[in-house]
Amino acid sequence: MKQLLKGGRVVDPATGVDGRCDVLIDGGRIARVDVAIPVDRSDMTVIDVPADCVIAPGLIDMHVHLREPGQEHKETVATGTAAAVAGGFTAVACMPNTDPVNDSAGITEYILKKAADSRLARVYPIGAVSRGSRGEHLADIAELRAAGCVAISDDGRPVATAVLMRRALEYASMFGMPVIDHCEDQSLKGDGVAHEGYQASLLGLRGIPAAAESIMAQRDITLAELTGGHVHIAHMSVRGSLDAVRMGKTRGVRVTCEVTPHHLTLTDESLAAPISYDTNAKMNPPLREAADRDALLQGIVDGSIDAIATDHAPHHYDEKKVEFDRAPFGIVGLESCVPLSFDRLVHTGLIRIGRLIELLSTNPARILGVPGGSLAVGAPADITILAPNLSVTLNASRMRSKSRNTPFDGWKLRGGVAATIVGGRVVYANPDVPAAARAFAA
Amino acid sequence: MNSDRVAPSAGADIERSTPAAAVPPAARALRHKDLLGIADLTPEEILLILDTAEAMKEIGFRPIKKVPTLRGKTIVNLFFEPSTRTRTSFEIAEKRLSADTLNIATATSSVQKGETLADTALNLEAMAPDMIVLRHPSSGACHLLSRICRAGIINAGDGTHEHPTQALLDAFTIREHKGCMRGLKIAIVGDLLHSRVLRSNVLLLTKLGADVWVSGPPTLVPPGIERMGVSATTSIDRAIEGADVVMLLRVQLERMQGVFVPSLREYFTVFGMTEERVRRASPGVIIMHPGPLNRGVEIASEVADGPYSVILEQVANGVAIRMAVLYLLAGGVEHEAAA
Amino acid sequence: MPVVMDADRIDRTLARIAHEIVERNRGVDELALVGIRTRGVTLARRLAQRLLDITKEDVPTGTLDITLYRDDLMRSPVGPQPVIRRTEIPFSIDDRKILLVDDVLYTGRTVRAALDALIDFGRPKAIQLVVLVDRGHRELPIKADYVGKNLPTSLKESVQVRLHETDGADEVLVEEHQS
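Let me sum up the structure you'll find in this document. What you see is a predicted model; the values in this text were computed from it and never measured. (Residues numbered from 1 in each chain as written. Chains lettered and ligands numbered in written order. Predicted model: local features only at pLDDT ≥ 70, side-chain atom pairs only at ≥ 80, totals over all residues. Heavy atoms only, no water.)

**A short note on the overall build of chain B**
In step 1: What chain B contains, in helices and strands, is twelve helices and nine strands.
In step 2: In chain B, which comprises 339 residues, the proportion classed as buried is 58%.
In step 3: Contacts in chain B between residues far apart in sequence, at least 24 positions, make up 72% of those at least 6 positions apart.
In step 4: Summed over all atoms, the accessible surface of chain B reaches about 13,400 Å², with 53% contributed by carbon and sulfur. (Helix = DSSP H or I, 4+ residues; strand = E, 2+ residues; numbered from the N terminus. Buried < 20%, exposed > 50% of the residue type's maximum accessible area, 1.4 Å probe, protein only. Contact = heavy atoms within 4.5 Å. Areas by Shrake-Rupley, 256 points an atom, 1.4 Å probe, with all protein chains shown as cover.)

**Description of the overall build of chain C**
In step 1: Along its length, chain C carries four helices and eight strands.
In step 2: In chain C, the succession of helices and strands from N to C terminus is β-α-β-α-β-β-α-β-β-β-α-β.
In step 3: Expected size for 179 residues packed as a compact globule is a radius of gyration near 16 Å; at 16 Å, chain C falls within 12% of this value.
In step 4: With respect to the three principal axes, the spread of C-alpha positions in chain C is 50 × 40 × 30 Å.
In step 5: Buried positions account for 54% of the 179 residues belonging to chain C.
In step 6: Partitioning the intrachain contacts of chain C with sequence separation of at least 6 by distance along the chain shows that 69% fall at a separation of at least 24.
In step 7: Within the structure as shown, chain C displays about 8,300 Å² of accessible surface, and the carbon and sulfur contribution to it stands at 47%. (Rg over C-alpha atoms; globule rule 2.2 N^0.38 Å.)

**So, the sheet that holds strand β8 (residues 171-176) of chain C**
Residues and elements named next belong to chain C.
In step 1: Pairing is antiparallel in the open sheet, where three strands are placed in the order β1-β8-β7. Only two strands of the sheet have a single neighbouring strand rather than two, namely β1 (3-5) and β7 (157-162). Averaged over all neighbouring strand pairs, the angle between strand axes comes to 30°, with direction disregarded.
In step 2: Judged from the two bridges that link them, β1 and β8 form a sheet pairing that is antiparallel. Paired with V3 across the two strands is L173, which belongs to β8.
In step 3: Contacts from helix α1 (residues 7-24) reach β1 and β8 within the one sheet, and its direction differs from that of β1 by about 25°. (Pairing = 2+ DSSP bridges. Axes fitted to C-alpha atoms, helices over the stretch in contact; angles between N-to-C directions.)

**Observations concerning helix α13 (residues 353-368) of chain A**
Residue and element names in this part refer to chain A.
In step 1: Taking 1.5 Å of rise per residue, the 16 residues of α13 would be expected to cover 22 Å, and the 22 Å separating its terminal C-alpha atoms lies within 8% of that figure.
In step 2: Bending of α13 peaks at approximately 45° at the position of L359.
In step 3: Within α13, 14 of the 16 residues are buried, which leaves the element mostly enclosed by the surrounding structure.
In step 4: Following α13 by one or two positions, G369 adopts a phi angle in the positive range, close to 65°. (Expected span 1.5 Å × (residues − 1). Bend = angle between axes of the 7 residues up to and from the residue.)

Shown next as structure tokens:
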């Protein structure tokens, strides 16, 4: 039975559509996107999309930590993909810093099997650059590719040496895979826990200077230029890195970059207020100063930044309820991304919905080289039904992620998700949007 | 319940000698559950603590150095860093107020078995202490405890963040010698980056209107220090020129060598407080140090033992200040712990 | 607000008390005055002056802050912590007869605290209590040895003593509370 999504507004930057359109789904793929597709109830189930909603190509979060195998107390593939679809994501790319590290086909296949069992969001594993992410020998990248990895990274750590990064870029380019780097010079980082600046000085927290990130971003962009490979800067947080990315792009270097919603919204002032020494304001890279956040917002507007990715990093409650120094870095992000992005980027007038969808769907698909990111005919029917004007109050206790480490609990935002569809199957319908819950009864 | 309270006099108290115009009136009360840092105190509250400490100081000169004020109160000294000076100072203060004290040094405690700070605190709470005095190597540890515990928390030094009772006893000492702090030139020299004494003192002295100069090697200056209202210079001579008070900070020997500063010898040459440097300060300068001293590193022995040094007075004043803080926090309003 | 004692009356009362002290103790040998802060101190100093006038001898005078000995601290969760001031007793109280001086005697709890404080300073030969006004309503078995004026009051009233050194004028007032 085909499905007809009727009455919504389609925004698909990949195909240039922006307007009231119906979408016909057949066999889990997009069959037709057109104005007023004729209804034939013997052939298709009709879903009346609530008037306010936007039909977008399924959102893809290209930087999440699913923690399985090895750290299932924080998150599993099942709970992580449940959180993903509740956040409007039809696919996620998961980082290899599991335990053991995903540096072999076996681990990759394990992750994919767990994802298949959950039948929620698609999972695209990212394999390690080096064996065990120890920064010495290249991992078996071809094997990882064949098993299903879409990119390589040693995330959690930077790619340890310039020569290793060079070889990784050269080798991965054989398969058209990007090398995703967590840019951070370890010697400058030292044992820092917060952004080196006035706030850290006031609070007596050891600082991580902005230069620790921008130095390595510059290294990686230079190496990408040298090798012709594709480098993707993960969770970019400082204006120095953004400047380097812009320069690289003007020279034709194959560099792309992503920014997290929290780096676009918060600054290091969150360390002191509303909760002093809030461990849910501790992540790596740390919350930076206002000038960095503002520069990143400018990069979102002018197109220098390619994607928004959450760096969803679940940690168990006990692990975060400690002194700031001892708390692990990271916050969850899958279920707060869409409301924050709408509220702080679209409704403030900085960007239009089309640009947001580029950042959350079109570009991530292109960077990772995966199907999706588009509602073209024949594309998989991965669709996110967005509700741009929905009033959302973020509630950590109702999150589907196993972990609740977020600084956004209680935030009142405008913009949310009505429903999430993967391969033509409704995997999430927002119970707080009655019209959606009815229309998309899963 | 009726009692004939001694009402404080309505007009200016004739027994205080500071000119009323220059100094805001002291607060009537410390409306806090905890003392986590100078950052949380108003200038009026700081003055209240100093005034109260004056009265407390006299108790140390009596034949019976004890008053019954905190009788029946239980105070836990929870020290995660070794400390003789501060811990004994708190202990004496507590005992002079007749409180029951409990010392927990982590070398022998369950923390060695991997218990978290939060759990240690909750276990202590179950025995209902009235106050916990905490010293801990992590900045913000007292804030964490304050959220968890019903007991009042007194910060005896958290990481590199604050050491409020040290700054208070420093201010008390300065006031004894110099009177009002407004407009005094005060130079603080040393490892600014790692010093909690620095942060607390800068906050306190700027709140009371002093002209604060800080100086140290560029590798040891916290970013943004000028935003705290001080003048920062890498030249010790500029900082101490005409200074009324010079405060030397302890050089953390473990951290210094090689990475932040080439050698202690070089540090002493460039930043050490020598007799010659003392002469650049104002004629009535007082030299201070929170202790313990590294003789020949941040301060020459002749200066530490010389006529301008008030280092030992600082130690004595520590007990009075801590008595004042305990008294002001322990009495009065009951608080619920935050959820 | 009725003035129950004016400046003149207070003056004559203190003169009378001073003579009583000399008479009862057969001189001022071994005597010392300790005033309870705040107004007790002023009264003690005035008495010291009168005793000097009468006997030509200096009677040592000290000040006592009893706040830390009060029995109502740390109890009721209302009101700010009372401010404390210095205690100065620059002489040994051992084997002396201490004249404890306060402005108003009411429940007796202040005097009880003062006795506790004095005992911590040494072992006096005797302690005698001097008050300007006794307003009744004792809650403890305390009695003054020298009373300026007995002033029966109700619990709804409060007695205010003003002295020119601290308050600009000499008078004793009785006020009704606005509860």
